[in-house]
Amino acid sequence: MGRKRLITDSYPVVKRREGSAGHSKGELAPELGEEPQPLSVDEAEMELLRQFDLAWQYGPCTGITRLQRWHRAEQMGLEPPQEVRQVLQTHPGDPRFQYSLWHLYPL
């Protein structure tokens, strides 16, 4: 009786080389000449408000404005971020800033 066959006997050993730029598998190489663009002030403020909407520790955000949610969280002693209140007060009539991510969805 001969030697027991292994699964590796059926497949050749292949060693992978690193890419030409020295990147290994799974890494994304940045595009040439392409740098990440910094967020504009409005985009940065919207991202802050999105993060506030997604933060569950300040309670639900459906059916009320972001400022109402901020005040409710403050009254409950949850210490919501002051930056959120400042952004909301600088854009009092703009629905993009006043309403949460889910304000268009029915309750």
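Worth saying up front: this structure is predicted, and the values here are computed from it rather than measured.

## Regarding helix α3 (residues 82–90)
Among all positions in α3, only Val 84, Val 87 and Leu 88 are buried. The arc that holds the buried residues of α3, viewed along the axis, is 95°, so those residues lie on one side. Taken together, the buried residues of α3 touch α1 (41–54), α2 (66–75) and α4 (95–98).

## Description of α1
Its 14 residues place the ends of α1 20 Å apart at the C-alpha level, agreeing with the 20 Å of an ideal helix rising 1.5 Å per residue. Regarding α1, the residues found buried are Glu 45, Met 46, Leu 49, Phe 52 and Asp 53. One face of α1 carries all of its buried residues, which in axial projection span an arc of 115°. Where α1 is buried, its residues meet α2, α3 and α4.

## Regarding the pattern of salt bridges
For side chains bearing opposite charge, pairing can occur when the charged atoms are close. Scanning the model with the defined rule gives 3 salt bridges in all. Of the charged contacts, one joins Arg 50 and Glu 47 as a salt bridge, the two residues approaching to 2.7 Å between their closest N and O atoms. Separated by 3 residues within a single helix, Arg 50 and Glu 47 lie in helix α1, roughly one turn from each other. Among the salt bridges present, the one from Asp 53 reaches Arg 66, with a minimum N-O distance of 2.6 Å. Of this pair, Asp 53 sits in helix α1 while Arg 66 sits in helix α2, and the two are 13 residues apart along the sequence.

## Regarding the packing of α1 against α3
Close contact between α1 and α3 brings their axes to 10 Å; oriented N to C, the two are set at 125°. The pairing of α1 with α3 is recorded here as oblique in orientation. Two packed elements cross with a definite hand, and for α1 against α3 that hand is left-handed. On the side of α1, the interface is formed by Glu 45, Leu 48, Leu 49 and Phe 52, while α3 contributes Glu 83, Val 84, Val 87 and Leu 88. Residue composition of the contact of α1 with α3, grouped by class: 6 nonpolar, no polar and 2 charged.

## A word on the packing of α1 against α2
Following both chains from N to C, one finds α1 and α2 inclined at 55°, their axes separated by 11 Å at the closest point. Here α2 runs oblique to α1, going by the angle between their axes. Along this stretch, α1 crosses α2, giving a crossing that reads as left-handed. Taking contact as the criterion, the partners of Met 46, Leu 49, Arg 50, Phe 52 and Asp 53 in α1 are, on α2, Arg 66, Arg 69 and Trp 70. Tallied by class, residues from the contact of α1 with α2 come to 4 nonpolar, no polar and 4 charged.

Rules of the game
- Residues numbered from 1 in each chain as written.
- Predicted model: local features only at pLDDT ≥ 70, side-chain atom pairs only at ≥ 80, totals over all residues.
- Heavy atoms only, no water.
- Buried < 20%, exposed > 50% of the residue type's maximum accessible area, 1.4 Å probe, protein only.
- Helix = DSSP H or I, 4+ residues; strand = E, 2+ residues; numbered from the N terminus.
- Arc of directions from axis to C-beta.
- Contact = heavy atoms within 4.5 Å.
- Expected span 1.5 Å × (residues − 1).
- Salt bridge = Lys/Arg side-chain N within 4 Å of Asp/Glu carboxyl O.
- Axes fitted to C-alpha atoms, helices over the stretch in contact; angles between N-to-C directions.
- Parallel < 35°, antiparallel > 145°, perpendicular 65-115°, else oblique.
- Left-handed = near helix turned anticlockwise from the far one by under 90°.
- Nonpolar A, V, L, I, M, F, W, Y, C, P; charged D, E, K, R; others polar.

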